[in-house]
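Descriptive analysis of the structure
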Amino acid sequence: MSGFEEWAKEATYPKNAEEKPEALPGVRLLELSPGHFGGMVAASVLGEFGAEVIKVEPPGGDPARSFAPEGITIAGTGLPFLSEARNRKFVTLSLETEEGRGIFRRLAATSDVVVETVGCTRMDSLGLGYEALSRENKALVYLTLSTYGAFGPDAGRRVTDSDILCQALSGVPYVTGDPEENGPGRDYQVPTRTGNWHGWFAQGLWGAFGVLVALAHRAATGKGQVVDVAGAEAMMKFVDYNITWMHTAGRERQRTGRFDPAVFPYTYIRCKDGYTFIAAYNNEAFESLMHIIGRPELANDPRFCTGPDRTRIENEKDLHAILEEWSGSRTAEEILREIEEYTSKKSGHGAAVVTGRVNRPLETLSEENWWERGCFSRVAGTVYGGLLLAAPPWKMSGTPPRIRSVCRKPGADNDEVYSTRLGMTGEEIISLHARGVL
Amino acid sequence: MTGSQGFFERAFSLASLPSKPEALRGIRVLELATRIFGPATADYLGEFGAEVIKVELPGTGDLMRYVAPEGFYWQEISPAFLPQNRNKLHVGVDVRLPEGRDLFTRIAEKSDVVVENLRAGTMDRWGIGYRQLTENNPGLVYAANSGFGQWGPYAKGRASYDATAQAVSGMSAITGFPGHPPVRVGLWIGDFTGSLFSAIAILAALAARRRTGEGQLIDLAQAEALIRALDWTWLYADITGRDRERAGNRDVTFPPSGIYRCADGFVAVSARDEAERAALANTLGVSTATAEAVASFAAPRTRAEIVRAGEEAGFSAAPVQGGRDQYHNPHLRARGTVWELDDPLYGRIDEFGPVPKLSESPGRIKWTAKPVGYHNEEVFGGLLGLSGEEREELERKKVIGQWADVPGSRPPRGAAAGPADRGKKEGTSR
């Protein structure tokens, strides 16, 4: 281990996080995201950095608790909710009652941030919109997450936000998956969604980003504001040069499957034990790769001489087949070792031959690296047992993020929050509960 | 238009945007990075007012300049280089030379944030890593973006691109169709997602610094960012001992939600709760809405017809959009998501605008990417106070420099050498 590596590990080791301060202590966040995963992501990220998150659920529990792929639940709660319900205080509150709405306003008045996913119009009709809440709390940062956003011609469209809507509108599926070949496409030769809820993740992450920007502005001016994130636009931002290519060339990105319009090889190839990624797209790296596969003469083949030659679709197909001839008899690990052995003697552009196995989730979980790096945490909880969670990905030397707690039942923190934050007595809380307000 | 709608239309009006303050004004970001994961991190901060100084090697600069779709350059610059390099000051410095290292260190002393995405340990070896730069600037927030992190079993010189992260994280294994190979998402999603994670940590670190004055090192690996974004994948693997299967275009949590073929393309049909599922079934004329029933409903209808049917009945639908749909979408233009920029060097160029819309301190695109070393004079003369003679001497020694005379690096034809429009204010125009 080099001196720097050793130092960096010591400075940022996630297992030492508990001894260090947090980045956002004292930031109070009120989350209202019934049945919505993107809102949970936004609140989780800020919570991982130390914000105090109070999640408001309807008295029966958040509908998101019943999201249960393959019907799997633990103590009645589905896996998506359990995976994201970290670092929260869980309170129940009925916004169907005037009393409940009054309590929400009081919570918001003592909060720095409100995250909502029910929509500005609905919030306004409940008397809980930004205008109403900011009258009591000028410094409030109000994040609203929706499919189309809070303004613009489509803002009034009647949709219930979901990951699939955000994905479809983003343009990501449009350029993902296999293109049709020779006539009508087969079932799988279609625009393809990402398997995970990347639309909702991008929406929540941009939400957290926007809140942090707004908190910076508030630190300088004392003013709060509205942060409006449209899920459709969140992942849209990641679609490379879609808009600039349209503007400059009138061309839009298409689905190219294994192939790529701008860089090649930059693709997955079949190997003995599955698939692996391979990239070597500048001239020097390509020459290295051709040496590695024992075909040095191909570096001068007119089909592959330059970047533009290599990114012609018919040449990409030829090259893909040549690479698979080589990779088919090797495991992903053998390919990695052969490449590293060659490139370790190179520097600069010629070393840019890049690979990595297409891991199934269990393969990722079996690799010691991610555990050593603290990417996964098995966190004990009283209600749902130990849960295997993806930990905050940032290693930080000063104020590292962390998981402080995991999912609990709806209303688990009613007593604490309503008594300490709003000064309610035990009797009041019991009475509100009896009347269905909590 | 409802009351709240009117409020938001006013609060976010693009016409009033240029007169509003920028949230990150006064934050200086020094970027030594290539490709996407690094440049996009700085770009996201620059959209909200941070001053970003992008350091490139004199001559060829960031190799991303030569990633050109189908070999296409527009006014001598690649459209693929623009989206992650707006609002930046471009300087050309060879930091591998002692005098270049010194220049970089001097700019870092005047900076709040450093963003780099070199292989782990490279900056430290060059004498401009976190440990060296913080000696004279303890408040520095230093984001080290990499494929596998600054330490650990995979950190040792192992290179990574976006798709390495897609592959090793497990994302690709759950994307695509059962019985068919795993699918690489057709864009650099590992880079852009990682960049957003990095920018979030930088903002959190700046918030901590407002209290303590202390900076810190942020070590972010792009594969680890994607691992964090795979929702229930890990719990499922742990509880069942099985891998989550590829489910094609169905969202198995909300059946029959998914993407369906229709008469003029593809459409997403979404039914997230019981009420939406009932409305969908009602529209389909069946008791339980199945994927097969949705597919036959969608096949003869257009995207617009299906979206309208959803709005009338109470389920949700949206078109699968491509770049052309987005470019011509009035809603996206009204929101500044497709941002209409009048660049002082290139003229009218439409770009992706900021994602989060802020009512009081909105983000904005002020200018697009520039040729290598385009702002040398501003930065070395203005910020560091070097005289013309000193700058010429450094240029002669090839410590600092500008573009090479090749597409991707040089200014548009007909433009004067250097910022000819220096007198012209670089600003937003809509």
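Quick notes on the rules
- Residues numbered from 1 in each chain as written.
- Chains lettered and ligands numbered in written order.
- Predicted model: local features only at pLDDT ≥ 70, side-chain atom pairs only at ≥ 80, totals over all residues.
- Heavy atoms only, no water.
- Helix = DSSP H or I, 4+ residues; strand = E, 2+ residues; numbered from the N terminus.
- Rg over C-alpha atoms; globule rule 2.2 N^0.38 Å.
- Buried < 20%, exposed > 50% of the residue type's maximum accessible area, 1.4 Å probe, protein only.
- Contact = heavy atoms within 4.5 Å.
- Areas by Shrake-Rupley, 256 points an atom, 1.4 Å probe, with all protein chains shown as cover.
- Lys, Arg positive; Asp, Glu negative; His and termini not counted.
- Charge placed at Lys NZ, Arg CZ, Asp CG, Glu CD.
- Buried area = accessible area lost by both parts, 1.4 Å probe.
- Salt bridge = Lys/Arg side-chain N within 4 Å of Asp/Glu carboxyl O.
- Polar contact = N/O pair within 3.5 Å; in protein donor to acceptor, adjacent residues only side chain to side chain.
- Nonpolar A, V, L, I, M, F, W, Y, C, P; charged D, E, K, R; others polar.
- Domains from an automatic or database assignment.
- Pairing = 2+ DSSP bridges.
- Axes fitted to C-alpha atoms, helices over the stretch in contact; angles between N-to-C directions.
- Core = buried A, V, L, I, M, F, W, Y, C linked by side-chain atoms within 4.5 Å.

Here's the deal with the overall build of chain B
Broken down by element type, chain B carries 16 helices and twelve strands. Rg of the C-alpha trace for chain B: 24 Å, near the compact-globule value of 22 Å for 430 residues, within the 12% margin. Expressed along its principal axes, the backbone C-alpha trace of chain B runs to roughly 80 × 50 × 45 Å. When the 430 residues of chain B are sorted by exposure, 67% land in the buried category. Taking the intrachain contacts of chain B between residues at least 6 apart in sequence as the baseline, contacts between residues at least 24 apart amount to 70%. By element, 50% of the accessible surface of chain B is carried by carbon and sulfur atoms, the whole surface being about 13,900 Å². Across chain B, the mean location of the 51 positive side-chain charges is 0 Å away from that of the 53 negative side-chain charges.

Here's the deal with the interface of chain A and chain B
Facing 173 residues of chain A, the contacting portion of chain B comprises 170 residues. Roughly 15,200 Å² of surface becomes buried between chain A and chain B when both sides are summed, with 65% attributable to carbon and sulfur atoms. In this assembly, chain A and chain B are joined by 16 salt bridges. Residue Arg373(A) is joined to Glu224(B) by a salt bridge in which the shortest nitrogen-to-oxygen separation is 2.9 Å. Counting the contacts that link chain A with chain B gives 80 residue pairs in polar contact (both at pLDDT 80 or more). It is helix α8 (residues 198-221) of chain A that provides the largest number of residues to the side of chain A that touches chain B, a total of 16 residues. Residue composition of the side of chain A that touches chain B, grouped by class: 95 nonpolar, 43 polar and 35 charged.

Structural notes on unusual backbone geometry
For the peptide bond that leads from Phe264(A) to Pro265(A), omega is -5°, which places it in the cis range. Positionally, Pro265(A) belongs in the loop between α10 (242-249) and β9 (266-271). Along the chain, Pro255(B) connects to Pro256(B) via a cis peptide bond; the corresponding omega equals 0°. Topologically, Pro256(B) is positioned in the loop between α9 (233-240) and β7 (258-262). Backbone geometry at Asn87(A) places phi at a positive 55°, although glycine is not the residue there.

Side note on the domain arrangement of chain A
With domains assigned, chain A is organised as domain 1 (3-238 + 371-434) and domain 2 (266-358). On a C-alpha basis, the centres of domain 1 of chain A and domain 2 of chain A stand 41 Å from each other.

Let's talk about the sheet that holds β9(A)
Residues and elements named next belong to chain A. A sheet is described by the order of its strands in space; here three strands give the open sequence β9-β10-β11, paired in antiparallel fashion. Since the sheet does not close on itself, it has two edges, and those belong to β9 and β11 (354-357), each with one partner. Put simply, the sheet's adjacent strands are angled 25° from each other on average, direction ignored. Here six bridges tie β9 to strand β10 (residues 274-279), and the two strands are oriented antiparallel to one another. Along β10, the bridge assignment pairs Cys271 with Gly274. Relative to the sheet, helix α13 (residues 313-327) contacts β9 and β10, its axis offset from that of β9 by approximately 40°. Contacting β9, β10 and β11, helix α14 (residues 332-343) crosses the sheet at an angle of about 160° to β11.

Here's the deal with α9(B)
Residues of α9(B) that are buried include every one of Thr233(B), Trp234(B), Leu235(B), Tyr236(B) and Ala237(B), and no others. Where α9(B) is buried, its residues touch α3 (79-84), α15 (361-366), β12 (376-379) and β13 (387-390) of chain A together with α6 (162-169) and α8 (222-228) of chain B. Looking one or two residues past α9(B), Gly241(B) carries a phi angle of roughly 75°, positive in sign.

Quick look at the nonpolar core
Ranked by size, the top nonpolar core spans 178 residues in total, and within it Phe49(A), Phe209(A), Phe238(A) and Ile200(B) carry the most contacts. Considering every element that reaches this core, the biggest residue donor is helix α7 (residues 189-212) of chain B, with 14 residues. Residue contacts for Phe209(A): discarding those within four places in its chain leaves Tyr44(B), Leu45(B), Phe48(B), Leu196(B), Ala199(B), Ile200(B), Leu203(B) and Pro356(B). Within the second largest apolar cluster, 35 residues are counted, among which are Leu32(A), Leu126(A), Tyr130(A) and Tyr142(A).

Looking at the sheet that holds strand β2 (residues 52-57) of chain A
Spatially, β5(A)-β2(A)-β1(A)-β6(A)-β7(A)-β8(A)-β12(B) is the arrangement adopted by the seven strands of the open sheet, whose pairing is mixed. Edge strands, defined here as strands with exactly one partner in the open sheet, are β5 (88-92) of chain A together with β12 (357-358) of chain B. Pairing of strand β7 (residues 141-146) of chain A with strand β8 (residues 225-230) of chain A, which is carried by six bridges, proceeds in the parallel orientation. From the neighbouring strand, Leu143(A) faces β8(A), where its bridge partner is Val227(A). Across the face of the sheet, helix α4 (residues 98-109) of chain A comes into contact with β1 (28-32), β2 and β6 (113-116) of chain A while running at roughly 150° to β1(A). Set on the sheet, helix α17 (residues 414-421) of chain A makes contact with β1, β2 and β5 of chain A; between it and β5(A) the angle comes to about 90°.

What to know about the pattern of salt bridges
Inspection of the entire model under this criterion finds 72 salt bridges over all chains. Asp413(A) is paired through a salt bridge with Arg408(A); the nearest N and O atoms lie 2.7 Å apart.

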